[in-house]
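Structural description and commentary
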Amino acid sequence: MEPMTARQIADAVDGVWLNPRENAPAVAAVCTDSRKLTPGCLFLPWVGERFDGHDFIDAALGAGAAGCLCARVPETLREDKFYIRVPDTRLALKSLASACRDRFSIPVIQVTGSVGKTTTKEMIAAVLGAKLRVWKTPENYNNDVGTPLTLLGLTSEHQAAVIETGMNHFGEIEYLTEMVKPDVAVISNIGDAHIEYLGSREGILKAKCEIFTHLKKDGLAVLNGDDALLNTVAEPFRTVRCGKSEHCQAQITEIADHGVEGIRCTVVTEKERYPLDIPAPGEHMAYAAAIAVAVGEALGLSPEEIARGAASYVPSGSRMRVLRLRSRRMLLDDCYNANPQSVAAALEILARTECDKRVAVLGDMGELGELKNRAHYNMGALAAMLGIDLVFAIGSGELAGKTADGVALSGGSVLYFPTKEEALPELRRQLGPGTVMLVKASHAMKFGWLVERLQEQ
């Protein structure tokens, strides 16, 4: 964050500086958690359903924060700290982030989508990073707290920014887009994630298209050109569609799948032909690469820079992370999140992996609404049809039980366990020499614990 004075902060958030003084220090960081303070930062008390950060203002200032925003003013004000009163700290964080964004004239790329947002964000950042100093959303900071904190991380050193934004209700993408103000808006696809709250895929499309509400007038929209719903989107902006279809301006051709070693593909645009080596498994990676090509080309990168950037891609977190163990054992750690589209892609990667035995460890998928029973059954049926040797269905009887039914009724082998703790001993036994084991579930299932225990083996 570029330093801001207390007066600049008060003006940005339309707040009242309660104890103004000339020697108040400037701040170069904002913290919302009093346990993770940066000395000299601005403390912004976040109000949640079960907590109120205002209760920790004194502790935060005592731990080194230079000042705070507050909707509820403490009874006693310290003379050596500054206090800025605002009606709502959540909206104040948005205003502060928006003001910070306005300080920079660098290209800002905003990414959303049902599946692969983080993968697409990381691929774009890798490609742009071959030429530019890129700031990107860290980890999964893609909500109403993470996005403004990401924007506040911009400094004068950065030459481009790639901002990931997520949502599960209407209005959330527009809320985030208003502060991001993208030069390039990217939608990776429209799937079933969060359909419980949005009613239908058409509802999801409508929510995702909120990304265009604050796209700059001369901005660029980059869309998945093989997504049927995205192909219904009108084109009020300059648009590049990416995919295998003939109408795509960034067309994917010549995909060669090398299993867990990654893929090779070619992306063809009106200007150039881009042969790419991507060190991550799954043909879906070609879509992230095509989108990154479109963005890189629009920002003036050379073919050599784009190819070098794609080759430097590294998966983020537990997103198809390949873990090689002794005796040709391998874990495919893809347990950051799960929905029908991402599970299908992961199962196809497992099915194509050369090994002695393939095991899929599948947990519950969340937020699918009325689709949940059919989606879990289909997930199990697909695993059986792909020839996966053994499926572990772990979770609730309502959901994981449907997965088990799908496997069994489709002729596959399946073991059901209500909890990951109960499943662990048998998982360890089944992870024998020459075995590849996929671990996949929604983040709430905390299957990262399983991956850690299995790595110990």
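My aim in this report is to walk through the structure given alongside it, one point at a time. Note that the structure is a prediction, hence the values are computed from the model and not measured. (Residues numbered from 1 in each chain as written. Predicted model: local features only at pLDDT ≥ 70, side-chain atom pairs only at ≥ 80, totals over all residues. Heavy atoms only, no water.)

**Topic: the sheet that holds strand 8 (residues 160-164)**
Within a beta sheet, neighbouring strands are joined by backbone hydrogen bonds and run either parallel or antiparallel to one another. With mixed pairing, nine strands are arranged side by side in an open sheet as 7-8-6-9-10-11-12-13-14. Edge strands, defined here as strands with exactly one partner in the open sheet, are strand 7 (134-136) and strand 14 (273-278). Across this sheet, the average inter-strand angle for adjacent strands is 20°, counted without regard to direction. Strand direction decides the pairing type here: strand 10 (residues 220-224) and strand 11 (residues 238-243), joined by five bridges, are parallel. Counted as the bridge partner of Leu220 is Arg238 from strand 11. (Pairing = 2+ DSSP bridges. Helix = DSSP H or I, 4+ residues; strand = E, 2+ residues; numbered from the N terminus. Axes fitted to C-alpha atoms, helices over the stretch in contact; angles between N-to-C directions.)

**Concerning the side chain of Arg101**
Its location among the elements puts Arg101 in helix 3 (residues 89-101). We classify Arg101 as buried; its relative accessible area is 2%. The residues touching Arg101, leaving out its near neighbours within four places in the chain, are Ile106, Val108, Met179, Val180, Lys181, Asp183 and Lys216. (Buried < 20%, exposed > 50% of the residue type's maximum accessible area, 1.4 Å probe, protein only. Contact = heavy atoms within 4.5 Å.)

**Some words on the environment of Gly395**
With respect to the element layout, Gly395 can be found in the loop between strand 18 (390-394) and helix 13 (400-409). Under the relative-accessibility criterion, Gly395 is labelled buried at 4%. Between the alpha carbons of Gly395 and Lys420 there is a distance of 7.6 Å; along the sequence they are 25 residues apart. Non-local contacts of Gly395, meaning those with residues more than four positions away in its chain, are made with Asp364, Ala400, Tyr416, Phe417, Pro418 and Met445.

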